[in-house]
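Understanding the architecture of this molecule
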Amino acid sequence: MKSSSEILKALENESIEILRETAAAFRKPVLLYSIGKDSAVLLHLAMKAFHPAPIPFPVLHIDTTWKFKEMISFRGEMAKKYNLNLLVHTNQDGVSQGVTPFNTGASEYTRVMKTVALRQALDANAFDAAIGGSRRDEERSRAKERIFSVRESGHRWDPRNQRPELWRTYNPKITNEQSMRVFPLSDWTELDIWSYILEHDVPVNPLYFAKERPVVFRGEQMIMVDDDRFPLINGEKPVMKQIRFRTLGCYPLTAAVESNATTVTEIVEEVMNVKLSERATRLIDGEKEDSMEKKKTEGYF
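About the cut-offs
- Residues numbered from 1 in each chain as written.
- Predicted model: local features only at pLDDT ≥ 70, side-chain atom pairs only at ≥ 80, totals over all residues.
- Heavy atoms only, no water.
- Helix = DSSP H or I, 4+ residues; strand = E, 2+ residues; numbered from the N terminus.
- Buried < 20%, exposed > 50% of the residue type's maximum accessible area, 1.4 Å probe, protein only.
- Areas by Shrake-Rupley, 256 points an atom, 1.4 Å probe, with all protein chains shown as cover.
- Axes fitted to C-alpha atoms, helices over the stretch in contact; angles between N-to-C directions.
- Parallel < 35°, antiparallel > 145°, perpendicular 65-115°, else oblique.
- Left-handed = near helix turned anticlockwise from the far one by under 90°.
- Contact = heavy atoms within 4.5 Å.
- Nonpolar A, V, L, I, M, F, W, Y, C, P; charged D, E, K, R; others polar.
- Salt bridge = Lys/Arg side-chain N within 4 Å of Asp/Glu carboxyl O.
- Pairing = 2+ DSSP bridges.
- Phe/Tyr/Trp six-rings, centres within 6.5 Å; stacked < 30°, edge-to-face > 60°.

In terms of regular secondary structure, the chain is built from 8 helices and 10 strands. Out of the 301 residues in the chain, the part that is buried amounts to 52%. Taken as a whole, the chain presents about 14200 Å² of accessible surface, with 51% of it coming from carbon and sulfur.

In helix packing, the relevant descriptors are the interaxial angle and the interaxial distance, both defined with respect to the helix axes. At a closest axis distance of 10 Å, the pairing of helix H2 (residues 37-50) and helix H6 (residues 190-200) adopts a crossing angle of 55°. Regarding the angle of H2 to H6, the classification is oblique. Here the hand of the crossing between H2 and H6 comes out left-handed. Contact with H2, carried on its side by Lys-37, Asp-38, Val-41, His-44, Leu-45 and Lys-48, involves Glu-190, Ile-193, Trp-194, Tyr-196, Ile-197 and His-200 of H6 and no other residues of that element. Across the contact of H2 with H6, the residue classes tally to 6 nonpolar, 2 polar and 4 charged.

Now for the pattern of salt bridges. Counted under the stated rule, the structure contains 14 salt bridges. A salt bridge links Arg-135 to Asp-38, with the nearest nitrogen and oxygen atoms 2.9 Å apart. Of the two residues, Arg-135 is situated in the loop between strand S4 (129-131) and strand S5 (148-151) and Asp-38 in helix H2; the sequence distance between them amounts to 97 residues. Here Arg-135 matches Asp-38 in class, with each residue buried. Between Glu-145 and Arg-151 there is a salt bridge, with its nearest N and O atoms 2.9 Å apart.

Attention now moves to the sheet that holds strand S3 (residues 86-89). With mixed pairing, 6 strands are arranged side by side in an open sheet as S3-S2-S1-S4-S6-S5. Strand pairing shows two members of the sheet lacking a second neighbour, S3 and S5, which therefore form its edges. Each neighbouring strand pair of the sheet contributes to a mean axis angle of 30°, computed without reference to strand direction. Bridge count between S5 and strand S6 (residues 179-182): 4 bridges; the pairing is antiparallel.

This brings us to the packing of aromatic side chains. One pass over the structure, following the stated rule, counts 11 aromatic pairs. Look at Phe-26 and Phe-148: their rings are 6.4 Å apart centre to centre, the planes differ by 15°, and that puts the pair in the stacked class. Of this pair, Phe-26 sits in the loop between helix H1 (4-25) and strand S1 (29-32) while Phe-148 sits in strand S5, and the two are 122 residues apart along the sequence. Comparing Phe-26 with Phe-148 shows no difference in burial state: the two are buried.

Moving on: the sheet that holds strand S10 (residues 255-258). In spatial order, the strands read S7-S8-S10-S9; together these 4 strands close into a barrel with antiparallel pairing. Strand after strand, the sheet turns through a mean of 70° between neighbouring axes, direction not considered. In terms of strand pairing, strand S8 (residues 221-224) meets S10 through 2 bridges, oriented antiparallel. Bridge pairing in S10 places Met-222 opposite Ala-256.

Here it is, written out as structure tokens:
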């Protein structure tokens, strides 16, 4: 039976092979950087894959303007620390139209500020392959993805028209109208991610560690009030709770969990005992069963 370190090494080798194949097979790939834990591992793997040379493709962050403040500051720290060729794109049409998580609903907000914004950035830079940190264990539609997942014209994804990947044989060929989404972390789990972060001392955002933070309750979900744009209801006041985040995104749509885990070791122990998927804390996923698959067919990651 393989040890945890042996499993992580096998996963690392597979991911590095995928990253190198992507760099070799495509004219202009880009690495998507969400500033979360999966992106942190993906960035670490990309640096390791091409060391001592720099990462041979730019790093792209889609900024909705509603990310946690600590995400944006961490993004700047990582870009400076690793001398990244960082591109940041915001859908300015959505901004000028006043699209927010509150006045359009989570689904429409996600479509405009994430899906459309991503398509804009990919088209404007003529990227033919986008590398992302999605994992198959996150939720059902992501389990349908191949590692090399073809997108048709307009970045459309058809889950019924997927290429076989038998015995780790990849097919990176695309036509001029197509593009590719690449998922080097497909075979990783949340526990694998945190175990790798622990073993390799990968820097991650402070929001993953438990700390007293101001929250309000929306139903059964705890939402951190990260700035004064958050609309309070009937004079309610945020309360301080010892919380951390299992996944990061736009702060009004990302619920916290109560936790005492203040180190990576404690997070690993916590993840080993939890049964609920981390995506349960993403409010955009829970609208209906097919919501994520619908978003992905339109170009969402």
